[in-house]
Amino acid sequence: MTHETAYAPQNAWKTYTQQEENNQGKDIFALARRYLDFLSQCKTERETIAYVQKKLTEAGFSLDFSQNAAMRPLRGKAIFAARKGRLPLGQGIHLIAAHVDTPRLDLKQRPLIEQAQVAQAKTHYYGGIRKYQWLARPLALHGVLIREDGETVRLTLGENPHEPVFTIADLLPHLAQKQNTRTVAEAFEAEKLNLLMGHCPASPAGEEKCQEPIKSQILQLLADKYHICEEDFISAELQAVPAGPARFVGLDKGLIGGYGQDDRICVFTALEAFLNVQEPEHATAIIFWDKEEIGSEGATGAASRFFNYCMEDLSSAWEPQTRLSHVLLSSMALSADVQAALDPDYQDVHEKQNAALLGHGPCFSKFTGSRGKYGASEADAEYLGWLRSLFNAQNIPWQIAECGKVDQGGGGTVALFLAAYGLRVIDIGPAVLSMHSPFEISSTVDLYATTQAYTTFYKA
Ligand code: MN
Ligand code: MN
């Protein structure tokens, strides 16, 4: 730790190579490769929670809260886990929260239509997307359908190179003259985000009876292969997501590109850290919520009572004599979510001294919100002071930023839902470029630095 009078965030690549050179470099890329596999595999909240639950189970976590390492999933879309510390629960827990949902295109409940010689699936977008980014690119379908007999049919179509993909056609430039004069908000209509599903009409015998031979053929294929019918789409959650794996970006592999890094980079790093620290001082916990991208409402979102119920059961199993409010008021949390990285080509939307830089470690956000911190839960200076000193002592690179210039826009996280319990909480996570796009970009070294930071928090 230096005692200079001026402050500037440190470049994490320099921090780590200065420290241990080659060995640390190997660790950085080994972690990144595991992260690429995770990102490529987990593209929906259900897939992410299944991954987390599997890892926790392998690490010995039990559904029984009387055990020292316990977990509780909720409807396959949220999960809580906790590990007993050396200190009593009354001294508070160290908790990291993140969200498992990501912007995407959900299929409508009656999605299938046929027009102009193609069958299409109508979509309803989820979360904040820039609609044009989803056009003319390969998309995969992930999700579940619940049949009338109660059977769950799991679908993942378009990830295996041998499988077909889906796509949304875009207008050709030759005929886009009128569209080119509109604003971006007006030019791309949500009702035109229709997935190409098929093109071959049903056999002639069927065609005679059938108004929509291409749609019929699609339904026939689905019936043959998955034993599902059109009504099954009504009780389904099917998501169109970018097809294909996450990749390193750049000649030096210094960047990671992939769908859903907001907020799966925090899910991955928080879980790594949580599992790394096997004998913590304070009890440790993770909670991964769904629905953050649409306001955190719903049974599996952060605004629900799920965390409260888990903590009630945990404290009555581990330390019934201590009041839950006492446990919560003594606890510390990190709201692990990504921050907008300074965009090299749109630097004017940022205020540079308070912008997050790729490769400078996880980024604190003291508050989120918009228009005069409206809607924010602001962390207190004391908590930030304690964390800064904790990370400096371990030489972990970190930085602090706001999301863009004041009055430029803004956003929110799950921090305020945790702050409602009176525990100390602050946002901290890696910087991301192209946030909410089908191919988000993070820094390979920030993945490593963030894992180190979360691990240090759990050990503290
Ligand atoms: Mn997020
Ligand atoms: Mn987001």
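Preceding block: the structure.
These numbers were taken from a predicted model, which means no experiment stands behind them. (Residues numbered from 1 in each chain as written. Chains lettered and ligands numbered in written order. Predicted model: local features only at pLDDT ≥ 70, side-chain atom pairs only at ≥ 80, totals over all residues. Heavy atoms only, no water.)

Draft legend 1. View of the overall build of the protein. Across its full length, the protein holds 13 helices and 19 strands. For the protein, the C-alpha radius of gyration of 24 Å lies close to 23 Å, the compact-globule estimate for 460 residues. Structurally, the protein occupies a C-alpha span of about 80 × 50 × 45 Å along its principal axes. Considering the protein as a whole, with its 460 residues, one finds that 51% of them fall into the buried category. For the protein, long-range pairs separated by at least 24 residues make up 77% of all intrachain contacts whose partners lie at least 6 apart in sequence. Counting only carbon and sulfur atoms, one obtains 51% of the accessible surface of the protein, whose full area is about 21800 Å². (Helix = DSSP H or I, 4+ residues; strand = E, 2+ residues; numbered from the N terminus. Rg over C-alpha atoms; globule rule 2.2 N^0.38 Å. Buried < 20%, exposed > 50% of the residue type's maximum accessible area, 1.4 Å probe, protein only. Contact = heavy atoms within 4.5 Å. Areas by Shrake-Rupley, 256 points an atom, 1.4 Å probe, with all protein chains shown as cover.)

Draft legend 2. Main features of the sheet that holds strand β3 (residues 93-99). Ordered in space as β1-β2-β12-β3-β13-β17-β15-β16, the 8 strands form an open sheet in which the pairing is mixed. Strands at the two margins of the open sheet, each flanked by one partner only, are β1 (69-74) and β16 (399-400). Pairing of strand β13 (residues 332-335) with strand β17 (residues 424-429), which is carried by 4 bridges, proceeds in the parallel orientation. Looking at β17, one finds that Leu-334 is bridged to Ile-426. Strands in contact with helix α8 (residues 261-276) are β2 (78-83), β3, β12 (283-289) and β17; relative to β12, the strand with the most contacts, it is inclined by about 160°. In the packing of helix α11 (residues 381-393) onto the sheet, the strands contacted are β3, β13, β15 (363-365), β16 and β17, and the crossing angle to β17 comes to about 50°. (Pairing = 2+ DSSP bridges. Axes fitted to C-alpha atoms, helices over the stretch in contact; angles between N-to-C directions.)

Draft legend 3. Representation of the side chain of Ser-331 in the model. Turning to its location among the elements, Ser-331 is positioned in the loop between α10 (324-329) and β13. The exposure class assigned to Ser-331 is buried, which follows from its relative accessible area of 0%. One polar contact links the side chain of Ser-331 to the main-chain amide nitrogen of Ile-93, over a distance of 2.8 Å. For Ser-331, the residues in contact, after removing those within four places along its chain, are Gly-92, Ile-93, Leu-423 and Arg-424. (Polar contact = N/O pair within 3.5 Å; in protein donor to acceptor, adjacent residues only side chain to side chain.)

Draft legend 4. Focus on the packing of helix α3 (residues 45-58) against α8. For the pair α3 and α8, the least separation of the axes is 11 Å and the interaxial angle reads 10°. In terms of their interaxial angle, α3 and α8 are classed as roughly parallel. Across the interface between the two elements, Glu-45, Thr-48, Tyr-51, Val-52, Lys-55 and Leu-56 of α3 pack against Arg-264, Val-267, Phe-268, Leu-271, Phe-274 and Leu-275 of α8. The residue inventory of the contact of α3 with α8, partitioned by class, reads 8 nonpolar, 1 polar and 3 charged. (Parallel < 35°, antiparallel > 145°, perpendicular 65-115°, else oblique. Nonpolar A, V, L, I, M, F, W, Y, C, P; charged D, E, K, R; others polar.)

Draft legend 5. Expanded view of the coordination of the manganese ion (ligand 2). All of the protein donors around the manganese ion (ligand 2) are Asp-262 (OD), Glu-293 (OE), Glu-293 (OE) and His-436 (NE2); their distances to the metal are 2.1 to 2.6 Å. Separating the manganese ion (ligand 2) from the manganese ion (ligand 1) is a gap of 3.4 Å, bridged by Asp-262, which donates to each. Within this pair, whereas Asp-262 is found in helix α8, its partner His-436 is found in the loop between β18 (431-432) and β19 (440-443), the two being separated by 174 residues in sequence. Of the two residues, Asp-262 and His-436, both sit in the buried class. (Donors = N, O, S within 2.8 Å, 3.2 Å for Na, K, Ca; no water.)

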